[in-house]
Amino acid sequence: MSHLKKLTILALIAFVAFSCNKDDDPKPIDYPETITELAVATPDLSNLVAALQKADLATTLNGAGPFTVFAPTNAAFTTFLADNGFSSVDDVPVDVLTQILLNHVILGEVKSNQIQTGYVKTLADGPVDGTKLSMYLDASSGVKINGISDVTTPDINATNGVIHIVDAVIGLPTVVDFALADSNFSTLTSALTRADLTFDYVTALSTPNGTAPAPFTVFAPTNDAFASLLTELGATSLDDIDEPTLKAALDLHAVAGTNVLAAGLSDDMTVTTLGGDITANVTGGATLTDSNGRVSNITFTDVQAANGVIHVIDKVLLPKLPPNIVGKALDTPSLSILVQALQAADGNLVDVLNGPGPFTVLAPDNDAFTAFLSDNGFASLADVPTDVLSQILLNHVISGKVMSTDLVDAGAGYASTSATGAGGNPMSIYFNTSDGVKFNGISSVTTPDIEVTNGVIHIVNKVIGLPTVVDQAVANPNFSSLVAALGAADGDLVTVLGGEGPFTVLAPDNDAFTTFLHGASLGDVPTDALANLLLNHVISGVVTSTDLVSEEAGYTNTLAVGPNDNKLSLYYNTTDGVKFNGVSSVSKADIVTSNGIIHAVDAAIPIPTVVTFATADPNFSTLVSALTTLTPNTDFVATLSGTGPFTVFAPTNAAFDALGTPPAEPVLTQVLLHHVVSGNYQSGDLNQSGDTTVPTLQGDNITITLPGTNGNTADMTDGAGNSDIGIIKVNVQAGNGVIHVINKVLLPSS
């Protein structure tokens, strides 16, 4: 019977085997696998499997989960073991290995397309009971974990979660590791690693938990927080912050020996950092307040590292700072009236000088203000109009930080203040360090270089009023000859140029006056002629160097007068610097005052003749050649430089070009004389509608017809009867006559 049973079983097996072989299309059965089973079945994860078995975590990852596992390859484990001095997984202490492996596991199933940049919690234990280590995931380009490990194969699905294969073992992170991994802390990292720091923050903050001074509580400012700090301090980069200040600030962001979670903070809690005490509050949102009263919001909490915890903050904490400009003024009894003035003036000047700056403030002391009020007939500060007071105070403020050594190195010169001068331009201030440091010739520095957080204060002994062009000339010793001339000339020019204006003054320096006098003294110049000469340097209105350059070249009028009391013209050309009448160049431009603007020039500008303008204006270069080189037997220059007056109709270069080859000298001489009329006829002296016929020095008449045609100001008919000639510019007024510019050469009758 036993034998028969065996035969029956063998037959049944053979039948089943035959039936299977008859199946033409066998279907493999897809059996679901857990994370552990998938790892066991993957040859490149054999080191991970060995580690899981040693740490007794294989059973855990076979559990219900779900889990997200970042699974290091065999190569990743090999590198990890070598880097840490282990010859094999068996050499790693079980408790350490367990936490490292759990640091690769997140509770819950997170597919790669669900990963967002930020922090998550792993299953590894933190330094405080009940805490779990954080993990920083960067999804900006692929997925990187804690700045060191990249996902190479994502989304291997298991029955109890998902596996992402990674190329490096993810060690237990320090607070430094998170700072390095998170790009939001790149400026903080730069600060912590600056070469000149006298403390090694990286080494200290990498201290493992259980070894003093770990654990740490770190308040980590973001990049935006550092950017705001630079603006607040008026700095352009971290390099602008000195090492002691930077170190003192960094010390305020770390607490040693404790891992304080957000739940451990409370209102009015004193937090003792490496750099001193700060105050925490939680009502209405967690904040930190430094000793300056600056409040920083805690925007993200409990980034848990193996050796401490990080809380993210939006403002850099600072050590007790020296006062700013306003604070220093408040702390200085001798500046009490200045403080009152700042509070009373228009423009919220207290807020302005509380700003980041940097500013250089020339601070008048109380005695200076008392003298100012008395000199100007004010019984008290309250009597000064608040708008005027504001401008006076702003005239003591220079943008930027200017130390007394900077001024001394420069010797003398001009700076711009925050007051508004003529034409809406920043007011100029003159400094001279030949005898101490003096501003505008009236106010001396008594206490220099009081450095504050937003600039520097120099205490001065006089209030610096809003200067006129005369005040600025008096202040600058290089203009002493000009000042003497203004005082000597007819017309009380000191009072005139100290008036409302506005004026543009071309101010010859002392060397220019010396050259002009040519060995004579100022007293040798007739006072009426001196007055007209000086007024030939004054233009009505505000004309900046930029205005001149934008026009390139042209004519304007001065306050000097020529024949028939007509205002003299002034020719400017900016093709090579800024030059007037071809003889005087600007050496220092745009000295702005309350009633005008000064341009220092290197030569006095004599009363011009018609020859002066012809020589200065390159549009008349062919005319000048005709008057000189081509007509050597007639001294036109001497004649047209004489008393006159003359009215000259001056052909442009283009007009001569249209004439072709100039005629021989005898004919050319008559042609040139045909352009000159005796007398000073401005456009207003001609008939406003109709013809004006006048004789020329050549003898033939010319006729001017108003109004002109084809865009001409007036039309002309010459002695030869040509009537297609146009006056294209009028009234270039010289001291001995007037020029009208024409577009065609005039020809006499024969």
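Residues numbered from 1 in each chain as written. Predicted model: local features only at pLDDT ≥ 70, side-chain atom pairs only at ≥ 80, totals over all residues. Heavy atoms only, no water.

A. Quick peek at the sheet that holds strand S4 (residues 132-138). On the basis of which strands lie adjacent, the open sheet formed by 7 strands has the order S2-S1-S7-S6-S5-S4-S3 and mixed pairing. For this open sheet the edge positions go to strand S2 (105-107) and strand S3 (118-125), each flanked by a neighbour on one side alone. Bridge count for S4 against strand S5 (residues 144-145) is 2 bridges, and the pairing is antiparallel. Among the inter-strand pairings, Leu137 is bridged to a residue of S5, identified as Ile145. Packed on one face of the sheet, helix H5 (residues 94-102) meets S2 and S3 and runs near 150° to S3. (Pairing = 2+ DSSP bridges. Helix = DSSP H or I, 4+ residues; strand = E, 2+ residues; numbered from the N terminus. Contact = heavy atoms within 4.5 Å. Axes fitted to C-alpha atoms, helices over the stretch in contact; angles between N-to-C directions.)

B. Highlighting helix H9 (residues 223-233). If you check which residues of H9 are buried, you get Ala225, Phe226, Leu229 and Leu230. When H9 is viewed along its axis, its buried side chains cluster within an angular range of 140° and face the same direction. Among the exposed residues of H9, those oriented more than 90 degrees off its buried face are Asp224 and Thr231. Just downstream of H9 lies Gly234, where phi reads positive at about 70°. (Buried < 20%, exposed > 50% of the residue type's maximum accessible area, 1.4 Å probe, protein only. Arc of directions from axis to C-beta.)

C. Focus on the pattern of salt bridges. Tallied over the full model, the rule gives 8 salt bridges. Residues Asp196 and Arg194 are paired through a salt bridge, measuring 2.7 Å at the closest nitrogen-oxygen approach. For Asp196, a relative accessible area of 38% gives the class partly exposed. A salt bridge links Asp724 to Lys744; the shortest N-O distance between them is 2.7 Å. Of this pair, Asp724 sits in the loop between strand S33 (714-717) and strand S34 (725-734) while Lys744 is found in the segment after strand S35 (737-742), placing the two residues 20 residues apart along the sequence. Connected through salt bridges with shared partners, the residues Glu232, Asp290 and Arg294 form a single ionic network. (Salt bridge = Lys/Arg side-chain N within 4 Å of Asp/Glu carboxyl O.)

Limitation: the analysis is restricted to geometry and does not speak to function.
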